Amino acid sequence: MRRAQLDIQLKTPDQIEKMRAAGLVVAEALQRMSAAVAPGVSTADLDAIAEATIREAGAIPSFKGYHGFPASICSSVNEQVVHAIPAASQVLREGDLISIDCGAVLDGWHGDAAVTVGVGEVDPALSKMASVAEDAMWAGIAAAARGAASGRGRLTDISHAVESAVRRGGRYGIVDGYGGHGIGTEMHQDPHVLNHGRPGKGPRLVPGMALAIEPMITMGSPRTVELSDGWTVVTRDRSTAAHVEHSMALLADGVWVLTAFDGGRARLGELVTARQPAGSPAI
């Protein structure tokens, strides 16, 4: 079933269960990679961990081969915002900040999530930026859940919640031109989810919608440039960036954060659907 105009794919509860299975594969891959992040580890090493984890689960890395992308993760370090290609030559150093974006497809359904991880001892200002990005992501997810529950929510309520949380957190650049998206039988679907904007605009938030919410913020200017590899996006002023993401779905009785082990319950409480057991472990 698809909504008109933006071609938004609405999922049944059973289809969302299948997306949850794909999301858990992504969650496991990100957990293993996060544990492996350390000085001396290359981004190619992390990519190998991701691919092995995804394939062990019977899934397929959804990034690999996507429009020619050569790897299973995007591994964006410091001024790299998103879409950086893993390489054996890119070795992590003490104090780096790395954003790891990972996707998997299982039984035809996609999961997509990202984390930002510090390498060893990191400047507290950078750690705070990463925390602000994560808080903003959860604020956006909570806004989606409340909007769907009220029956009055609109897509840009998410955007406004993300932006407001970032602004409360400090003076950060909110990267323009990149944001969240619908997700389901394809990794990227309608609608595009901006990380800034006025509330009350766009399509209604309704059960069956599945969205990837992904703030990208910087320590400086929000302006970016794409490098000559055709993929890597960096901050124009070379300030450090953070990127986080979860895939979530709206059901009749709440939200389900499909790429969080606990379904989002630790951060969202009773906003989480009863389909997510209350005792499930947190990531």
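Our subject is the structure that appears above.
This write-up is about the structure you can find in this document.

Reading the values: the criteria
- Numbers given to residues run from 1 along each chain, matching the order in which its sequence is written.
- Thresholds applied to this predicted model are a pLDDT of at least 70 for local features of residues and 80 or more for the giving and counting of side-chain atom pairs; totals over whole chains, interfaces and linings are not thresholded and use all residues.
- Based on all heavy atoms of the structure, the side-chain values leave hydrogens and waters out of the count.
- By definition here, a salt bridge exists when the distance from a side-chain nitrogen of Lys or Arg to a carboxyl oxygen of Asp or Glu is within 4 Å.
- Helix numbering and strand numbering both begin at the N terminus, where a helix is a DSSP run of H or I of at least 4 residues and a strand a DSSP run of E of at least 2.
- Throughout this description, buried means an accessible area under 20% of the type-specific maximum (1.4 Å probe, protein chains only), exposed means over 50%, and partly exposed covers the range between.
- Two strands pair under a simple rule: DSSP has to find at least two bridges between them.
- Charged residues are defined here as Lys and Arg on the positive side and Asp and Glu on the negative side; His and the ends of the chain fall outside this count.
- Polar contacts, as used here, are pairs of N or O atoms within 3.5 Å; protein pairs need one atom able to donate a hydrogen and one able to accept it. Residues neighboring in sequence count only if both atoms are side-chain atoms.
- Between two residues, a contact is recorded if the distance between any of their heavy atoms is within 4.5 Å.
- To qualify as a nonpolar core, a set must consist of buried Ala, Val, Leu, Ile, Met, Phe, Trp, Tyr and Cys residues joined through side-chain atoms within 4.5 Å.

1. Side note on the pattern of salt bridges
Okay, step 1: Counted according to the given criterion, the structure contains seven salt bridges.
Okay, step 2: In this structure, arginine 275 and glutamate 17 form a salt bridge, with 2.6 Å as the shortest nitrogen-oxygen distance. Here arginine 275, found in the segment after helix H5 (265-268), pairs with glutamate 17, found in helix H1 (residues 13-36); they are 258 residues apart in sequence, far enough to count as distant.
Okay, step 3: Assessed through its relative accessible area of 33%, glutamate 17 is described here as partly exposed.
Okay, step 4: In this structure, lysine 64 and glutamate 51 form a salt bridge, with 2.9 Å as the shortest nitrogen-oxygen distance. Taken together, the residues span a long stretch of sequence, with lysine 64 in the loop between strand E3 (60-61) and strand E4 (73-77) and glutamate 51 in helix H2 (residues 43-56) at a distance of 13 residues.
Okay, step 5: Residues joined in a network through salt bridges with shared partners are Glu28, Arg32 and Glu56.

2. Focus on the pairing of strand E16 (residues 246-251)
Okay, step 1: With respect to burial, E16 is a largely interior element, six of its six residues being buried.
Okay, step 2: Of the two faces of E16, the one carrying His246, Met248 and Leu250 and the one carrying Ser247, Ala249 and Leu251 are both buried.
Okay, step 3: Pairing analysis gives four bridges linking strand E11 (residues 210-213) to E16, with the strands arranged antiparallel. Pairing of alanine 210 across the sheet is with alanine 249, part of E16.
Okay, step 4: Pairing geometry for E16 and strand E17 (residues 254-257), over four bridges, is antiparallel. Directly across from leucine 250, in E17, lies its bridge partner valine 255.
Okay, step 5: Between the end of E16 and the start of E17, which pair antiparallel, lie two residues.

3. Concerning the sheet that holds strand E12 (residues 216-218)
Okay, step 1: Here three strands make up an open sheet; going across it, the order is E8-E12-E15 and the pairing antiparallel. Edge positions in the sheet fall to strand E8 (173-174) and strand E15 (241-243), since each of these pairs with one other strand and no more.
Okay, step 2: Bridging between E12 and E15 involves three bridges; their strand directions are antiparallel. By the bridge assignment, isoleucine 217 is partnered in E15 with alanine 242.

4. Observations concerning the side chain of arginine 20
Okay, step 1: Counting through the fold element by element, arginine 20 comes out in helix H1.
Okay, step 2: This buried residue, arginine 20, is left without a salt bridge; aspartate 262 holds the nearest opposite charge, at 6.6 Å.
Okay, step 3: Within the structure, arginine 20 has its side chain in polar contact with the backbone oxygen of valine 257 (distance 3.4 Å).

5. Examining the side chain of serine 99
Okay, step 1: For serine 99, the location among the structural elements is in strand E6 (residues 97-106).
Okay, step 2: Residue class for serine 99 comes out buried when judged on its relative accessible area of 3%.
Okay, step 3: At 2.8 Å, the side chain of serine 99 and the side chain of threonine 116 are in polar contact.
Okay, step 4: There is a polar contact of 3.2 Å between the side chain of serine 99 and the backbone nitrogen of histidine 243.
Okay, step 5: Those residues in contact with serine 99 that lie beyond four places of it in its chain are Cys74, Ser75, Ser76, Val115, Thr116, Ala241, Ala242 and His243.

6. Looking at the nonpolar core
Okay, step 1: One finds Ile141, Ile158, Leu205, Leu211, Ile213, Ile217 and Met248 to be the most contacted residues of the largest nonpolar core, which totals 38 residues.
Okay, step 2: Contributing elements (two or more residues each) for this core: helix H3 (124-150), helix H4 (155-169), E11, E16 and E17.
Okay, step 3: Counting residues per element, this core draws most heavily on H3, at twelve residues.
Okay, step 4: Beyond its immediate stretch of four places on either side in the chain, methionine 248 contacts Ile141, Ala144, Ile158, Met209, Ala210, Leu211, Ile213, Val255, Trp256, Val257 and Leu258.
Okay, step 5: Core analysis: the second largest hydrophobic core is formed by 23 residues, Val25, Ala113, Val117 and Val119 among them.

7. Quick notes on the pairing of E11
Okay, step 1: Of the two faces of E11, the one carrying Ala210 and Ala212 and the one carrying Leu211 and Ile213 are both buried.
Okay, step 2: In this sheet, E11 lies alongside strand E9 (residues 180-182) in antiparallel orientation, the contact comprising two bridges. Bridge assignment links glycine 182 to a residue of E11, and that residue is leucine 211.

8. Focus on the environment of alanine 242
Okay, step 1: Looking at the element boundaries, alanine 242 is found in strand E15.
Okay, step 2: For the pair alanine 242 and alanine 130, spaced 112 residues apart in sequence, the C-alpha to C-alpha distance is 5.5 Å.
Okay, step 3: Apart from residues lying up to four places away in sequence, alanine 242 is in contact with Ser99, Thr116, Met129, Ala130, Ala133, Pro215, Met216 and Ile217.

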